[in-house]
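Structural description and commentary
If you want the building blocks of each chain, they are given just below.
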Amino acid sequence: MDTKQKILDQARESFMKLGIRSVSMDDLSSRLGISKKTIYQYVANKQDLVNQIITRHTELERELMRTIKEQSGDAIDELIHITQHVSQLFRTMRPTMLYDLQKYYKNSWQKVKVLHQEFVQQLIVENLKRGMNEGYYRSEIDIEIISKLYVVQSQAIIDENIFPLNEHRSDRLIEQLIKYHLHGILSPKGVEHLRSFPPYNYSL
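Residues numbered from 1 in each chain as written. Predicted model: local features only at pLDDT ≥ 70, side-chain atom pairs only at ≥ 80, totals over all residues. Heavy atoms only, no water.

**Examining the overall build of the protein**
- What the protein contains, in helices and strands, is 10 helices and 0 strands.
- Counting from the amino terminus, helix and strand elements in the protein follow one another as α-α-α-α-α-α-α-α-α-α.
- Each of the three principal axes of the protein carries a C-alpha extent, and together these read 60 × 35 × 30 Å.
- By the burial criterion, 44% of the 204 residues in the protein qualify as buried.
- A sequence separation of at least 24 residues applies to 67% of the contacts in the protein between residues at least 6 apart.
- Put simply, the protein shows about 11200 Å² of open surface, and 50% of that area lies on carbon and sulfur atoms.
- The distance from the centre of the 28 positive side-chain charges to the centre of the 26 negative ones in the protein is 5 Å. (Helix = DSSP H or I, 4+ residues; strand = E, 2+ residues; numbered from the N terminus. Buried < 20%, exposed > 50% of the residue type's maximum accessible area, 1.4 Å probe, protein only. Contact = heavy atoms within 4.5 Å. Areas by Shrake-Rupley, 256 points an atom, 1.4 Å probe, with all protein chains shown as cover. Lys, Arg positive; Asp, Glu negative; His and termini not counted. Charge placed at Lys NZ, Arg CZ, Asp CG, Glu CD.)

Written out as structure tokens, the structure reads:
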């Protein structure tokens, strides 16, 4: 692993555990065992460091989502596995990281929102088409409207002004979002199939 990648990986791990504001460049230098001068050969400043981490994280998440899609047995299986992955991601992330991004690194946060909107909407569009073809989702669904609604709702659950981090667990919000989404799009065949998934074994 090259030096730049080590810097990005260590910073990402530290930010996720402690929050962005709580980790100084001196802290990062100490954790890596290298000088700040060396770090600044690869990043211009802390803002640049955050931007690079966000870009890399987004790329990795996209790759992982594609892998989940390819390995899933059907549309419902795909959506549930994506939900489980995102829930696990939020469990390893301190709420202060999201708070810091939204309040102190607004340019990076805006980048996250734009990439999220474009990628997630396309992901949901493809999932809806797949589910409709498999007969698990209702055939009369308006794909454009539902995919956009999903994006808006998924952005809302990470908005501190709507769901304060000290009052709502992120993984719980994601779970409720997916259940709400599924309940609105499942066909009778899909409802029956959903009951075969242990984490979602409940009656509508």
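**Here's the deal with the packing of aromatic side chains**
- Under the criterion given, the structure shown has 1 aromatic pair.
- Both rings, one in Tyr 99 and one in Tyr 104, keep their centres 6.4 Å apart while their planes meet at 80 degrees; by these two values the pair is edge-to-face.
- In this structure, Arg 21 is placed above the aromatic ring of Tyr 104, and the distance from its NZ or CZ to the ring centre is 3.9 Å.
- The ring of Tyr 136 has Lys 189 sitting right over it, with the charged end atom 4.9 Å from the ring centre. (Phe/Tyr/Trp six-rings, centres within 6.5 Å; stacked < 30°, edge-to-face > 60°. Lys NZ or Arg CZ within 6 Å of the ring centre and 35° of its normal.)

**A few points about the nonpolar core**
- Phe 15, Leu 49, Ile 76, Tyr 137 and Leu 182 are the most contacted members of the largest nonpolar core, which has 54 residues in total.
- With near-sequence residues (within four places) excluded, Leu 182 lies in contact with Leu 79, Tyr 137 and Leu 194. (Core = buried A, V, L, I, M, F, W, Y, C linked by side-chain atoms within 4.5 Å.)

**Things to note about helix H4 (residues 46-71)**
- For H4, built from 26 residues, the straight-helix expectation of 38 Å at 1.5 Å per residue is met to within 8% by its first-to-last C-alpha distance of 37 Å.
- Residue Asn 45 occupies the N-cap position of H4, its side-chain oxygen lying 3.1 Å from the main-chain nitrogen of Gln 47. (Expected span 1.5 Å × (residues − 1). Polar contact = N/O pair within 3.5 Å; in protein donor to acceptor, adjacent residues only side chain to side chain.)

**Quick notes on helix H8 (residues 143-156)**
- With 14 residues, H8 should cover 20 Å at 1.5 Å per step; its first-to-last C-alpha distance of 20 Å lies within 8% of that length.
- Turning to H8, its buried residues are Ile 143, Ser 147, Tyr 150, Val 151 and Ser 154. Around the axis of H8, the buried residues are gathered within 100 degrees of arc, so they sit on the same side.
- Where H8 begins, the capping side chain belongs to Asp 142, and its oxygen is found 3.3 Å from the backbone nitrogen of Glu 144. (Arc of directions from axis to C-beta.)

**So, the packing of H8 against helix H9 (residues 170-185)**
- Remark: H8 packs on H9, axes separated minimally by 11 Å, with the N-to-C direction vectors making an angle of 165 degrees. Judged by the inter-axis angle, H8 sits roughly antiparallel to H9. Seen from above, H8 lies across H9 with right-handed handedness. Only Leu 177, Ile 178, Tyr 180, His 181 and Ile 185 of H9 make contact with H8, whose side of the interface consists of Ile 146, Tyr 150, Gln 153 and Ser 154.
- Taken together, the residues that form the contact of H8 with H9 break down as 6 nonpolar, 3 polar and no charged. (Axes fitted to C-alpha atoms, helices over the stretch in contact; angles between N-to-C directions. Parallel < 35°, antiparallel > 145°, perpendicular 65-115°, else oblique. Left-handed = near helix turned anticlockwise from the far one by under 90°. Nonpolar A, V, L, I, M, F, W, Y, C, P; charged D, E, K, R; others polar.)

**Description of the pattern of salt bridges**
- Overall, the coordinates contain 11 salt bridges when judged by the stated rule.
- Residue Glu 13 pairs with Lys 17 through a salt bridge whose shortest N-O separation is 3.1 Å. With Glu 13 and Lys 17 both in helix H1 (residues 3-18), this residue pair falls 4 residues apart, about one helical turn.
- Among the residues examined, Glu 13 registers a relative accessible area of 38% and is labelled partly exposed.
- The salt bridge partner of Arg 130 is Glu 134, with a shortest N-O separation of 3.1 Å. In this pair, Arg 130 and Glu 134 both sit in helix H7 (residues 106-134), 4 residues apart, roughly one turn of the helix. (Salt bridge = Lys/Arg side-chain N within 4 Å of Asp/Glu carboxyl O.)

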